[in-house]
Amino acid sequence: MKLYILACLIVLSGCGSSNTDEETSSIAIQGVADIQREIDIQGDNFVISLEPKTYLFSSAIQLRDFQNGTIDGNGATFKRVSSDKISTTLDRDYNGSMVVFVDELPESFSIGDKLVLISGETINDITLDPRTITAITGNAITVHSPFNGNWHQGDTIAKTFRFINSVSSAVPGSKNGGTTIKNIKFDGNARNNQLNFSWRFNGTISLYGGKDSTIINCEFFDIPNDCIIGHGFNVINCSFDGLNASVVHMSVHDNTKSINAGASFIGNDVYDVNRKRSEVNGHSEGAITFSWGGGNLLVRNNRFTTLNGEDGVMGKFYSDTVNTDENLVFEDNEAIGFRRIILLAEIGTTVLNNVTIRNNTFIDCGNTYVPQLRSTTIDFSGNTYINTTINI
């Protein structure tokens, strides 16, 4: 591993060409650790420029609370390691304590990692909130608080991480404003990560970007769980191919909605999205799906294609007095093969406001199914339908 430092420009070596995780993991993990160290050293306005190699990930890059940082891959590939590198099994039934006993401790486990317990592939088969490792002694792992639920010998315990992880939007004032992520190929290695398909497990990027962050010129492929979750970012000129869940999952906590709620998705190509249904994932209702505070989004000039034909171009859009989904513009897009334009629009305690769906082309999209969106603030016009039933 060579590290070259020129002024504030950091160039980091990854691993060389390889066909297996085993051949390159030790070098790649060191490379990822170097990236984190340089981010921590530089702080605000960090600039990381990578060589176009493959970096194997068994832990996340943490953006901390830094602002205006840049990670430029220059064509580098970020690849998730196989699940056997980040998981093991319980060697006895779990009794609700803060100590978990495992059959064999993975080399990738370390203090500070987030762990989940898993008994199957759906959102109902995984602990809802990860627990943080505070100590490791032999095959005994101490976590910061007990896991919920009943778990048995042979169940899986696994590390959960995203390639790039933002601040928590629940903490008032928190954002990673001005962040730029560019020229990176994200290989989710879903073919070797089949433990669980919940949106809570092993996402790709979380970003609460203060309304001025950018993910640009990146490729995402074979993604096992959620791809991009958060708010306050602009996704521009990226390609997505083979996603088990949604391409973006829009969500922001009430505490930071005012500084993070504002995003765009422009000029992207999305293919083979939502390979796992919402019953498995817990979200994944559409190529673009919405959670708490998920509105305030511009979607323009993209192409969306699904192969399963069961979900919406957009997922559940919901109104609420506290943190409603509103201010959505979906225009000049092409969508192919979806069941509906919006899978489900729920009227909660308020009217859905400022929804624009115009000048799009919907091909083989079943029906529009958005009668709930009738409102004086809804613009549904100028769309072209090919083998799509108009139902509004």
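## Digging into the packing of aromatic side chains
Stage number 1. Within this structure, the stated rule accounts for 13 aromatic pairs.
Stage number 2. Between phenylalanine 186 and phenylalanine 220 the ring centres are 4.7 Å apart and the planes differ by 5 degrees, which places this aromatic pair in the stacked class. Here phenylalanine 220 lies in strand E16 (residues 219–223) and phenylalanine 186 lies in strand E14 (residues 180–187), a separation of 34 residues in the sequence.
Stage number 3. Classification of phenylalanine 186 by relative accessible area gives buried; the value is 0%.
Stage number 4. A centroid spacing of 5.9 Å and a plane angle of 35 degrees characterise the contact between phenylalanine 240 and phenylalanine 265, whose relative ring orientation is tilted. Highlighted residues: phenylalanine 240 in strand E18 (residues 239–243) and phenylalanine 265 in strand E20 (residues 263–266), separated in sequence by 25 residues. Here phenylalanine 240 matches phenylalanine 265 in class, with each residue buried.
Stage number 5. Through a chain of ring-to-ring contacts, three or more aromatic side chains come together here, namely Tyr55, Phe57, Phe78, Phe163, Phe186, Phe220, Phe240, Phe265, Phe304, Phe330, Phe362 and Tyr385.
Stage number 6. Cation over ring: arginine 92 sits above phenylalanine 101, and NZ or CZ is 3.9 Å from the ring centre.
Stage number 7. Against the face of phenylalanine 197 rests lysine 276, its NZ or CZ located 4.4 Å from the ring centre.

## Here's the deal with the layout of surface pockets
Stage number 1. Considered as a void within the structure, the largest pocket measures approximately 1000 Å³ in volume.
Stage number 2. For the largest pocket, the lining is made up of 39 residues, of which Pro130, Arg162, Asn165, Arg200 and Ser206 are closest to its centre.
Stage number 3. Split into classes, the residues belonging to the lining of the largest pocket amount to 14 nonpolar, 18 polar and seven charged.

## A look at the pattern of salt bridges
Side-chain pairs of opposite charge can arise whenever the charged atoms involved come near each other.
Stage number 1. Summed over all chains, the structure comprises 19 salt bridges.
Stage number 2. Residue aspartate 222 pairs with arginine 191 through a salt bridge whose shortest N-O separation is 2.5 Å. A residue pair is termed long-range when its members are at least 10 positions apart, and aspartate 222 in strand E16 and arginine 191 in the loop between E14 and strand E15 (205–216) qualify at 31 residues.
Stage number 3. Here aspartate 222 falls in the buried class, since its relative accessible area comes to 14%.
Stage number 4. Overall, the relative accessible area of 45% leaves arginine 191 in the partly exposed class.
Stage number 5. With a closest N to O distance of 2.7 Å, glutamate 331 and arginine 358 form a salt bridge. Of this pair, glutamate 331 sits in strand E26 (residues 328–331) while arginine 358 is found in strand E29 (residues 355–358), placing the two residues 27 residues apart along the sequence.
Stage number 6. Judged by relative accessible area, which is 5%, glutamate 331 ranks as buried.

## Structural notes on the sheet that holds strand E10 (residues 131–137)
Stage number 1. The strand order E7-E12-E9-E10-E11-E8 describes an open sheet built from six strands, whose pairing is antiparallel. Since the sheet does not close on itself, it has two edges, and those belong to strand E7 (87–89) and strand E8 (99–101), each with one partner. If you compare each strand with its neighbour and ignore which way they point, the axes differ by 40 degrees on average.
Stage number 2. Pairing of E8 with strand E11 (residues 140–143), which is carried by three bridges, proceeds in the antiparallel orientation. Paired with valine 99 across the bridge in E11 is threonine 142.

Thresholds, definitions, all that
Residues numbered from 1 in each chain as written. Predicted model: local features only at pLDDT ≥ 70, side-chain atom pairs only at ≥ 80, totals over all residues. Heavy atoms only, no water. Phe/Tyr/Trp six-rings, centres within 6.5 Å; stacked < 30°, edge-to-face > 60°. Helix = DSSP H or I, 4+ residues; strand = E, 2+ residues; numbered from the N terminus. Buried < 20%, exposed > 50% of the residue type's maximum accessible area, 1.4 Å probe, protein only. Lys NZ or Arg CZ within 6 Å of the ring centre and 35° of its normal. 1 Å grid on protein atoms, 1.4 Å probe; cavity = no way out; pocket = protein on both sides within 12 Å on 5 of 7 lines; lining within 4 Å. Points joined across faces, edges and corners; volume = space filled by probe spheres on them. Nonpolar A, V, L, I, M, F, W, Y, C, P; charged D, E, K, R; others polar. Salt bridge = Lys/Arg side-chain N within 4 Å of Asp/Glu carboxyl O. Pairing = 2+ DSSP bridges. Axes fitted to C-alpha atoms, helices over the stretch in contact; angles between N-to-C directions.

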